[in-house]
Amino acid sequence: VVTASSLTVLQPDAALRVTETHSYSPGLLLDAAAGGAALGTLLHRCFEILGAQPNATDVTDRLLAAAKLGAISEPVAAHVRAFEVWARTHFDGAEILREWPILALRNDGSVLSGTIDLLFRRGQDVWVLDHKSDQMDDRAAGMQRYSSQLHAYASALRMQGYVVCGVGINWIRSGEVDLAMTESV
């Protein structure tokens, strides 16, 4: 079984060409010491919970406090709200599926197992969006770093009969989303 997130270490299938960049927030300022996979997982949970239930700040407050990051609770909630406004406006009318499980047989016979952070679906047309909490100075390089993961998601969805319109990354720290249209996926 190959996990989609492990594909970031492999050679990208093909370069992703960013066709649109959207800013939804001035960025999320975090203490320089805050970082790593644990922070990424925590921020993902905040986006998942507050995206689906905007009034569930008590839950995310407790999660952040337990990680000794209670001071960023309101900035994180405001950041998620700004992202949700952007997403609902940009993908107007699309159904938003969060933490969408994906399982597919790859061409090499391995099984891909993963979870798509956000899937925007209108009938069979979909957009894939992944949250990344890395501090990226060169987001173009970041898109390439994660291109194998995004390609794997797109391929798996196509095998399930979906039309993948494009993929993107929500760069949580900078408050920006980079989108790549389907011709480069």
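Quick summary incoming for the structure in this document.

Parameters at a glance
- All chains use their own residue numbering, which begins from 1 and follows the written sequence.
- Restriction of local features to residues with pLDDT of at least 70 applies here, the model being predicted, together with a cutoff of 80 or more for giving and counting side-chain atom pairs; totals for whole chains, interfaces and linings are based on all residues.
- Hydrogens and water are ignored here; the side-chain numbers use all heavy atoms of the structure.
- Runs of H or I in DSSP of at least four residues are treated as helices and runs of E of at least two as strands, each being numbered from the N terminus.
- Residue burial is assigned from relative accessible area. The probe radius is 1.4 Å, only protein chains are included, and a residue is buried under 20% of its type maximum, exposed over 50%, and partly exposed in between.
- Surface exposure here means Shrake-Rupley accessible area, sampled with a 1.4 Å probe, where a residue is shielded only by the protein chains that are shown.
- It only takes one pair of heavy atoms within 4.5 Å for two residues to be counted as in contact.
- Helix axes are fitted only over the stretch in contact, all axes being lines through C-alpha atoms; the angle between N-to-C directions runs from 0 to 180 degrees.
- Angular relationships are summarised with four words: roughly parallel below 35 degrees, roughly antiparallel beyond 145, roughly perpendicular across 65 to 115, and oblique for the angles in between.
- Should the near helix be turned counterclockwise from the far one by less than a right angle, the crossing is left-handed, whereas a clockwise turn marks it as right-handed.
- The classification used treats Ala, Val, Leu, Ile, Met, Phe, Trp, Tyr, Cys and Pro as nonpolar, Asp, Glu, Lys and Arg as charged, and all other residues, Gly among them, as polar.
- Cavities and pockets were defined on a 1 Å grid built over protein atoms only: a cavity is a set of grid points that admits a 1.4 Å probe from which the probe cannot escape, a pocket is an open set flanked by protein on both sides within 12 Å along at least five of seven lines, and lining residues are those with an atom within 4 Å of any such point.
- Grid points are joined across faces, edges and corners, and a volume is the space filled by probe spheres set on the points.

1. What about the overall build of the chain?
(1) Moving on: Each helix and strand in the chain was counted, giving five helices and seven strands.
(2) Moving on: Secondary structure elements of the chain occur, N-terminal to C-terminal, as β-β-α-α-α-β-β-β-α-α-β-β.
(3) Moving on: Across the 185 residues of the chain, 50% fall into the buried class.
(4) Moving on: Of the roughly 8,900 Å² that the chain leaves accessible, carbon and sulfur atoms contribute 54%.

2. Details of the environment of Met-136
(1) Moving on: Along the chain, the position of Met-136 falls in the loop between strand 5 (125-132) and helix 4 (139-145).
(2) Moving on: Note: C-alpha distance between Met-136 and Ser-174 (38 residues apart in sequence) is 8.3 Å.
(3) Moving on: Non-local contacts of Met-136, meaning those with residues more than four positions away in its chain, are made with Gly-142, Arg-145 and Trp-171.

3. Remarks on unusual backbone geometry
(1) Moving on: The phi angle at Lys-68 is positive, at roughly 60 degrees, despite the residue not being glycine.
(2) Moving on: Mapping Lys-68 onto the fold places it in the loop between helix 2 (57-66) and helix 3 (73-90).
(3) Moving on: Classification of Lys-68 as exposed rests on a relative accessible area of 76%.
(4) Moving on: At Glu-99, a position not held by glycine, the phi torsion is positive, near 50 degrees.

4. Re the packing of helix 1 (residues 36-52) against helix 3
(1) Moving on: In the contact formed by helix 1 and helix 3, the axes pass within 10 Å of each other and the chain directions differ by 60 degrees. One way to sum up the angle between helix 1 and helix 3 is to call them oblique. The two elements helix 1 and helix 3 cross, and the hand of that crossing is right-handed. Here helix 1 contributes Leu-43, Cys-46, Phe-47, Leu-50 and Gly-51 to the contact with helix 3, which in turn contributes Val-76, Ala-77, His-79, Val-80, Phe-83, Glu-84 and Arg-88.
(2) Moving on: Its residues assigned to classes, the contact of helix 1 with helix 3 shows eight nonpolar, two polar and two charged.

5. Topic: empty space enclosed by the protein
(1) Moving on: A complete count under the given rule lists one cavity of 30 Å³ or more for this structure.
(2) Moving on: A volume near 30 Å³ is recorded for the largest cavity.
(3) Moving on: Around the largest cavity, the lining residues are Phe-47, Glu-48, Arg-98, Glu-99, Asp-117, Leu-118 and His-131.
(4) Moving on: Put simply, the parts of the chain that give the lining of the largest cavity at least two residues each are helix 1, strand 3 (95-105) and strand 4 (111-122).
(5) Moving on: When its residues are assigned to classes, the lining of the largest cavity shows two nonpolar, one polar and four charged.

6. Section: the packing of helix 1 against helix 2
(1) Moving on: The contact between helix 1 and helix 2 brings their axes to 9 Å, and the two run at 170 degrees. Here helix 1 is positioned roughly antiparallel relative to helix 2, judged by the angle of their axes. Across the interface between the two elements, Leu-42, Arg-45, Cys-46, Ile-49 and Leu-50 of helix 1 pack against Thr-57, Val-59, Thr-60, Leu-63 and Leu-64 of helix 2.
(2) Moving on: Its residues assigned to classes, the contact of helix 1 with helix 2 shows seven nonpolar, two polar and one charged.

7. Topic: the environment of Leu-157
(1) Moving on: Relative to the elements of secondary structure, Leu-157 occurs in helix 5 (residues 147-159).
(2) Moving on: Looking at Leu-157, the relative accessible area reads 0%, which means it is buried.
(3) Moving on: Spatially, the C-alpha atom of Leu-157 lies 8.5 Å from that of Ala-104, the residues being 53 residues apart in sequence.
(4) Moving on: The contacts of Leu-157, once residues within four sequence positions are left out, are Ile-102, Ile-116, Leu-119, Val-126, Val-128, Tyr-162 and Val-164.

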